[in-house]
Amino acid sequence: MDLEELAARLRSEIGADAVLTDRQQRRTYECDGLAHYKVMPAIVVLPRTTEHVVAVVRACIDADVPYVARGSGTGLSGGALPHADGVLVVTSQMRAIKEIDAPNQLAVVEPGAINLQVTRAATPLGYYYAPDPSSQQICSIGGNVAENSGGAHCLKYGFTTNHVWGVELVAPDAEVIRLGGKAPDPPGYDLLGAFVGSEGTLGIATEVTARLMRTPEAVRTLLAAFKSTDEAGGAVSAIIGAGVIPAAIEMMDALAIEAAEAAVHCNYPRGAGAVLIVELDGPGVEVEAQFAQVEAHCQDNSAFEIRIAADDAERALFWKGRKSAFAAVGRISPDYIVQDGVIPRTALPDVLRRIAELSGSSGVRVANVFHAGDGNLHPLVLFDASVPGQAEDAEEVSAAILDLCIEYGGSITGEHGVGMDKAKYMSRMFTDDDLDTMQLLRCAFDPSNLSNPGKIFPTPRLCGEVPGRHKGAHPLQKSGLAEVF
Amino acid sequence: MASDATLDGLRKVCDDRARPADDTDTVLGVPARYVVAPTSTEEAAEVLRLASQHGLRIVARGAGTKLDWGTPLANVDLILDTSLISGVVEHAAGDLVVVVRAGTTVETLQSTLAEAGQQLALDTPEPASTIGGTVASNTSGPRRLLYGTLRDLVIGITFVRADGVVAKAGGKVVKNVAGYDFAKLLTGSYGTLGLITQVAFRLHPLPAARRVVTTEVTGAEEAGRVVAAVFGSQVVPTALEVDQPADGPLTVAVVLEGTEQGVAGREATTAELLADAAVSDHVPPWFGAYPFASGQTGLKLTTEIAGLPRLLTAVRDAAGRHGLPIATRGSAVGVLYAALPATAAPQTVAAVVQDLRAAANSYSGSVVVLTAPAEVRDRVDMWGPVPGLDLMRRIKDQLDPEQRLAPGRFVGGI
Amino acid sequence: MTSNPSPVDASHGTLGAGGPQDVPAPTGTPAFDDHHPPSAELAADCVHCGFCLPTCPTYMLWGEEMDSPRGRIYLMQQGLEGEPMSDSMVGHFDACLGCMACVTACPSGVQYDNLIEATRAQVERRHQRPADDRLLRAAIFALFPYPRRLRLLRGPLKAYQRSGLQRLVQRSGLLERLAPPLAAMEALAPPMGKSERLPERVPAVGQRRAVVGLLTGCVQGEFFPEVNAATARVLAAEGCDVVIPNNQGCCGALSVHNGREAEAIVFAKRTIDVFEAADVETVVVNAAGCGSSMKEYAELLCDDPAYAERASRFASSVRDISELLDSLGPVAPRHPFPVTVAYHDACHLAHAQGVRAQPRALLAAIPELEVREIADPEICCGSAGVYNLLNPEPARELGDRKARNVLATGADLLVTANPGCLMQVAASARRLGESIALAHTVQVLDASIRGLQPDTFEAARRQPNPSITR
């Protein structure tokens with residue numbers, strides 16, 4: 001079956017208006033939130049139901065065509081980068097919030113449902129959905145599940161994987177499988193745990209059952225300005241060391257503050273070399289007790305200004321600067337790379353110093369925004385693609401930062417996912433055996449390697465038959481491009 | 001019977017820590033042939049490579065507290081004793097992270113962490129059990145309400161595959177999405193996918209203060225009302241437990257942890273929600289313990305949160321219908337453990353399990369028989385229906401194609 | 001569709017790579033010519049973060065990338081790279097309401113307003129629309145920007161409303177089958193009030209604090225004359241001499257927002273001429289769409305040496321009525337006006353002019369008046385100038401959503417600063433079998449200053465053939 005035939009089959013099965021083949025239309029889907037990777041998909045489909053997704057996957061299997069799922073297209077690792085001869089499965093029309101089940105503290109949503117909309121729907125009943133990526137106003141729950149998205153508040157509340165209790169997915173064999181549901185601890189392997197964060201390589205989620213949390217009684221937010229990131233880092237250590245786990249501790253350095261200021265006029269204290277946003281939530285009495293400690297630790301670490309949000313509006317303004325930071329960097333640099341490395345939090349001062357050295361020696365500017373509480377760095381490596389050589393320099397600095405993260409025992413990605421962008425770094429963090437083992441899981445789910453191939457893993461692998469994996473060599477194997485294991 | 005070549009090979013790796021099995025070296029009543037106790041991941045890997053060459057079927061054993069859990073295996077050749085792969089590798093207190101070897105006992109780990117004012121936020125019904133066994137069996141307790149279960153605490157894992165290859169996933173930072181989450185996949189896998197040798201956990205500070213508010217309620221329905229009231233309030237309990245003894249009144253316990261000042265305020269609010277509340281600094285004696293003892297039938301029942309009172313009622317009803325005393329206890333998050341007497345007739349246990357499965361199913365839940373006397377095991381479907389079983393088999397086939405790791409102990413005969 | 005699919009090469013994406021790897025060089029005429037195409041530089045400001053998507057009405061309706069701001073910028077970039085102006089491309093540009101919610105939402109500061117206006121001008125000049133569409137557009141632009149022609153239409157509409165024919169037609173859906181756009185226009189037609197003539201000068205009450213010109217607008221002037229009357233009274237009460245040149249015409253907003261550049265330029269020049277002659281410090285506007293385009297005269301007339309500088313000076317003298325009143329501060333005492341008000345942000349006020357706080361502050365300062373917020377305030381009501389005439393279906397869907405959100409506030413009165421929004425939401429409320437009293441912000445202020453009864457606007461709802469009376 002060629003792609004024309006595939007498109008015709010898809011049109012007849014899921015409706016002509018759900019299949020895009022116009023070149024100009026397809027091109028608008030050629031990248032996700034990581035716009036420097038672009039591949040125009042051969043076909044874009046916009047399914048409306050699980051049955052549509054099944055039909056698409058089945059058709060792709062029959063045509064031996066790869067497919068990639070995409071939600072709102074806000075991913076920052078190129079996880080939803082299409083295949084030139086593949087199908088892009090866009091879930092933006094499967095966006096219903098099917099159920100807010102307050103007695104069971106759960107929401108049941110379609111994969112295209114927007115993260116923040118889930119919270120909005122639950123708020124009147126006194127609940128919210130905790131994981132809050134900076135793109136929460138537009139990112140989809142399906143995308144969150146694929147990437148195991150975090151957010152500022154995951155320091156206390158955990159990541160998507162800690163909040164998803166059930167998933168209905170269309171597996172790469174086109175079967176519909178339900179993992180978990182409204183009750184905890186389903187028997188058997190934790191397939192849900194494996195699926196969440198698998199970046200679309202193990203199937204397409206078509207329904208998600210997510211845990212809702214009680215809207216906290218009290219939220220107190222403080223903005224502390226320091227002369228340096230070292231001082232701010234000291235305050236973070238002191239807070240955590242005192243046994244306080246805030247809902248969030250976020251740090252921005254001077255360059256990131258400059259960008260945010262230009263974009264959203266957040267009016268952070270002038271002259272700050274670093275600002276911390278610390279948020280506590282929970283029972284009012286508990287929050288009051290801990291808030292005093294947090295304030296004291298900031299003062300002890302030479303905060304030169306501390307602001308306490310007087311109301312929701314001020315709190316929102318504190319956060320606006322932080323949450324807009326990535327895109328805001330567009331104001332101070334034509335192009336930039338966002339990294340997502342993680343380090344043990346206590347290594348923060350060391351690593352920041354070394355990032356500054358890297359920046360100094362290469363002349364590449366780096367703005368730092370991070371989830372300081374859990375050591376998740378978001379260095380924004382700035383460059384101008386129109387100046388020859390700058391992109392390469394930026395890429396080099398960016399890679400060196402990831403090496404630093406690995407050197408300090410951290411990770412190459414804390415929440416954005418490996419996707420397309422960081423697949424090449426995976427072998428710096430994991431051994432071949434580690435990666436081979438992970439690919440065994442993939443082989444169990446997707447032996448024909450059609451579900452978002454080319455992501456996560458640096459080298460394509462072929463799934464051998466089990467048992468007795470030693471049949472004739474695959475052409476890719478013969479040519480040395482892939483290996484069977 | 002014992003192939004000396006096999007034993008010799010094992011001794012080459014582990015010296016006198018390899019030996020022929022004795023009468024006590026059984027798993028679910030099935031006798032093993034050898035026991036080997038490696039001291040490191042590398043040694044364990046060598047053992048597994050050797051076992052692969054000799055086609056040995058392997059069961060990992062930590063403290064041996066759950067050797068009567070799961071479905072019986074057809075054969076066991078080798079018990080791999082992990083108790084010597086022990087010790088805390090790294091406790092990064094400032095990062096709230098610990099890396100620990102699998103044979104370390106939970107109580108050892110907790111006391112090490114406590115020195116730094118930290119904890120692995122996990123209740124340990126059997127404090128002597130090892131970290132590896134705890135992860136493999138996905139043990140959880142009352143405080144899961146706030147902290148989640150092991151899957152929410154494990155951040156990295158090192159394990160040895162059936163073919164002796166050492167693999168790791170995750171890392172030692174709390175936030176990390178690089179690669180597939182094998183730590184979760186192995187949690188609760190009953191040793192059927194690989195031998196866990198090292199685990200990294202995220203930690204929590206030990207709370208400064210704790211208060212336990214308990215109340216006796218008239219029955220499951222009232223327990224449901226109390227639970228809903230606590231959930232609807234803003235007291236944010238660490239644990240919310242119900243205890244329904246085989247006879248006698250039902251108790252609800254609310255555990256509040258935090259700062260001294262904060263706990264005092266929350267305690268007052270909680271006491272207002274609960275009629276005739278008693279407040280204590282200590283948890284009740286039954287708290288966090290399984291209701292079943294060795295030799296009895298132990299069940300794990302799950303339900304959606306709102307189904308809890310109805311499931312408690314279903315247990316009472318089944319007990320009455322079948323004339324069996326059934327003690328039940330568990331977390332309001334929707335997990336109950338139940339104990340059936342050791343003397344109960346297998347067919348009666350089977351009938352009770354069937355009734356309870358029907359009830360749990362209607363509240364999205366399931367019933368697993370964790371442990372049971374041999375006669376009962378033969379008679380009941382221990383795991384019940386498992387969605388996604390085909391996929392689970394395919395995973396097993398990929399990681400252990402020769403089916404040598406605890407074969408048959410897990411769901412669907414895996 | 002690629003006929004010869006290239007091998008999957010996702011693993012070799014390169015940083016900074018220009019276009020997609022498999023796109024053949026476009027054939028045919030490139031979409032844009034050299035006369036003010038959308039700026040490639042401005043388009044490149046978009047970092048593809050997607051923050052604009054949830055605020056975009058068409059993305060909210062259809063969930064398709066091409067009908068989002070991010071996707072439309074992508075289409076513009078394709079055009080700049082040489083892609084032809086296809087029907088589908090134009091369709092996606094046309095579907096944009098121009099509400100500018102995306103401009104507010106964008107953290108990177110992308111000037112989508114600028115981009116889409118440039119694009120629309122190119123589309124109007126370079127794209128051949130289907131005959132019926134051309135006809136409709138011609139009719140609209142021959143009617144709306146001309147107050148005198150609108151005035152002529154009032155008689156027949158009034159008779160038509162009185163006759164009860166309106167209900168019959170609505171019920172049968174006859175018009176809707178025959179010509180959806182006409183049906184849309186009919187449904188939006190507001191109840192006719194008495195027409196009211198304003199003098200050329202209304203003197204300040206008490207001490208004079210400013211001399212301001214007042215733009216009366218086309219639709220505002222002809223369909224909502226009482227809003228202009230209220231504006232003049234409030235301004236006077238607050239110490240302004242109000243100059244209302246009677247030779248003023250359309251400000252060109254509808255034209256400029258629809259790419260009719262040449263026409264817009266004529267209107268803009270005339271408006272500048274008229275108000276320069278009137279010799280006022282400030283030009284006050286009470287229609288959001290007019291205000292936003294007048295503030296952009298500098299860009300519109302930048303190529304005209306005779307007007308460029310004057311346009312820039314004029315643009316900086318333009319104020320929305322709420323901006324001016326807020327900055328002047330009150331002198332006229334407010335009487336209690338005990339109503340609950342749902343304040344609706346007109347897109348061209350909130351997004352295009354950034355005026356959100358001032359109208360709320362003015363309303364909130366009225367004793368006993370309560371302001372309620374409407375859910376999803378950033379989403380357009382679907383009126384969007386003449387959008388509802390050109391694209392009745394999405395406009396209706398958006399109107400119905402907005403009306404539901406407005407009704408959900410339980411407020412007595414819907415207040416906004418644009419005649420189009422009022423008509424749109426009223427029509428949707430009617431369709432939902434509900435009704436809500438309507439008023440412009442300045443009418444509420446007027447009512448409070450004059451000490452009118454709180455049911456002043458309520459009356460409009462109850463009367464079968466209502467007029468907003470004072």
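Within every chain, residues take consecutive numbers counted from 1 along the sequence as written. The naming scheme follows written order: chains are lettered A onward, ligands numbered 1 onward. The predicted origin of the model limits local features to residues at a pLDDT of at least 70 and limits the giving and counting of side-chain atom pairs to 80 or more, whereas totals for whole chains, interfaces and linings rest on all residues. Think of the side-chain values as coming from all heavy atoms in the structure, minus any hydrogens and water.

**Quick look at the overall build of chain B**
Then comes step 1: Numbered from the N terminus, helices here are DSSP runs of H or I no shorter than four residues, and strands are runs of E no shorter than two. Summing up its helical and strand segments, chain B has 13 helices and 21 strands in all.
Then comes step 2: On C-alpha atoms alone, chain B measures out to a radius of gyration of 22 Å, which is about the 22 Å that the 2.2 N^0.38 rule sets for 414 residues.
Then comes step 3: Over its C-alpha atoms, taken along the principal directions, chain B stretches across nearly 70 × 55 × 35 Å.
Then comes step 4: The contact criterion used is simple: two residues touch if any of their non-hydrogen atoms lie within 4.5 Å. In chain B, of all internal contacts separated by at least 6 residues, the share reaching a separation of at least 24 is 70%.
Then comes step 5: Under the convention used here, a 1.4 Å probe and the Shrake-Rupley method define accessible areas, while residue burial counts only the protein chains that appear. Carbon and sulfur atoms form 50% of the exposed surface of chain B, whose accessible area is close to 13900 Å².
Then comes step 6: In this tally, Lys and Arg are treated as positive and Asp and Glu as negative; His is ignored, and so are the chain termini. Here the site of a charge means NZ on Lys, CZ on Arg, CG on Asp, or CD on Glu. Seen as two clouds, the 36 positive and the 44 negative side-chain charges of chain B have centres 5 Å apart. When we talk radius of gyration, it's over C-alpha atoms, and the globule rule is simply 2.2 Å times the number of residues to the 0.38.

**Looking at the interface of chain B and chain A**
Then comes step 1: Contacts between the two partners involve 82 residues from chain B and, on the opposite side, 84 residues from chain A.
Then comes step 2: Values labelled buried area give the accessible surface lost by two parts on being combined, using a 1.4 Å probe and summing over both. Of the roughly 6300 Å² buried between chain B and chain A on both sides combined, carbon and sulfur atoms contribute 59%.
Then comes step 3: Its largest share of buried area at the contact with chain A, chain B owes to B:Lys175, B:Tyr180 and B:Gln398, together 16% of the area lost on that side.
Then comes step 4: For this document, the term salt bridge refers to a Lys or Arg side-chain nitrogen within 4 Å of an Asp or Glu carboxyl oxygen. At the boundary of chain B and chain A, one finds seven salt bridges.
Then comes step 5: Taking the shortest distance from any N to any O, the salt bridge between B:Lys175 and A:Glu415 comes out at 3.0 Å.

**Observations regarding the arrangement of the chains**
Then comes step 1: Considering every one of the two pairs of chains in contact, the largest contact total is recorded for chains A and B.
Then comes step 2: At no point do chain B and chain C touch; the closest pair of C-alpha atoms across them sits 16 Å apart.

**Let's talk about the confidence of the model for chain C**
Residues and elements named next belong to chain C.
Then comes step 1: The pLDDT value expresses, per residue, how confident the predictor is, ranging between 0 and 100. Averaged over all residues, the pLDDT of chain C is 85; the fraction at 70 or higher stands at 82%.
Then comes step 2: The low-confidence segment residues 1-22, where pLDDT is below 50, has 47 contacts with residues more than four positions distant or belonging to other chains.
Then comes step 3: A low-confidence stretch, residues 174-181 (pLDDT under 50), is modelled with 13 contacts involving residues beyond four sequence positions or located in other chains.
Then comes step 4: Across the interface, the model reports ipTM at 0.97; the global pTM reads 0.92.

**Description of helix 13 (residues 225-237) of chain C**
All names here are of chain C.
Then comes step 1: Expected helix span is computed as 1.5 Å times (number of residues minus one). When the terminal C-alpha atoms of helix 13 are compared, their 18 Å separation across 13 residues agrees well with the 18 Å that a helix rising 1.5 Å per residue should span.
Then comes step 2: Think of it in three bands: residues with accessible area under 20% of the maximum for their type are buried, residues over 50% are exposed, and the middle band is partly exposed, with areas taken using a 1.4 Å probe on protein chains only. Buried residues dominate helix 13, accounting for 12 of its 13 residues.
Then comes step 3: Of the positions making up helix 13, those classed as buried are Pro225, Glu226, Val227, Asn228, Ala229, Ala230, Thr231, Ala232, Val234, Leu235, Ala236 and Ala237.
Then comes step 4: Downstream of helix 13 by one or two residues, glycine 239 has phi in the positive range, about 90°.

**Some details on the interface of chain C and chain A**
Then comes step 1: Opposite the 53 residues of chain C that make contact, chain A presents 58 residues.
Then comes step 2: Where chain C abuts chain A, roughly 4400 Å² becomes buried across the two surfaces, and 54% of that area is made up of carbon and sulfur atoms.
Then comes step 3: Inspection of the region where chain C meets chain A yields five salt bridges.
Then comes step 4: The closest approach of N and O atoms between C:Glu81 and A:Arg27, which form a salt bridge, is 2.7 Å.

**As for the pairing of strand 14 (residues 274-282) of chain A**
Then comes step 1: Taken across its nine residues, strand 14 of chain A has nine buried, putting it largely inside the fold.
Then comes step 2: The alternating pattern of strand 14 of chain A places A:Ala274, A:Leu276, A:Val278, A:Leu280 and A:Gly282 on one face and A:Val275, A:Ile277, A:Glu279 and A:Asp281 on the opposite face, and all of these are buried.

**Regarding the sheet that holds strand 20 (residues 335-340) of chain B**
All names here are of chain B.
Then comes step 1: Read across the open sheet, the eight strands follow the order 17-14-16-15-19-20-18-21; overall the sheet is antiparallel. At either end of the open sheet lies a strand with only one pairing partner, and these are strand 17 (278-280) and strand 21 (367-371). With strand direction ignored, the average angle separating the axes of adjacent strands in the sheet is 20°.
Then comes step 2: Summarising the sheet, strand 15 (residues 239-244) and strand 19 (residues 327-331) pair through four bridges and their orientation is antiparallel. In the sheet register, glutamine 244 faces strand 19, and the bridge partner there is threonine 328.
Then comes step 3: Packed onto the sheet, helix 8 (residues 220-232) meets strand 14 (209-217), strand 15 and strand 16 (250-258) and runs at close to 15° relative to strand 16. We call two strands paired when DSSP finds no fewer than two bridges between them. Here an axis means a line fitted to C-alpha atoms, over the contact stretch when the element is a helix, while the angle between two N-to-C directions is reported on a 0 to 180 degree scale.

**As for the sheet that holds strand 6 (residues 78-81) of chain B**
All names here are of chain B.
Then comes step 1: Reading across the sheet, the four strands line up as 1-4-6-5 and stay open at both edges, with mixed pairing between neighbours. Unpaired on one side and paired on the other, strand 1 (18-20) and strand 5 (58-61) mark the two borders of the sheet. Averaged over all pairs of adjacent strands, the angle between their axes in this sheet comes to 20°, without regard to strand direction.
Then comes step 2: As paired strands, strand 4 (residues 34-36) and strand 6 are joined by three bridges and run parallel to one another. Paired with valine 35 across the strands is isoleucine 79, a residue of strand 6.
Then comes step 3: The sheet strands contacting helix 1 (residues 4-14) are strand 1, strand 4 and strand 6, and the helix crosses strand 1 at an angle near 155°.
Then comes step 4: Packing against the sheet, helix 2 (residues 41-54) makes contact with strand 4, strand 5 and strand 6, and its axis sits at approximately 175° to strand 6.

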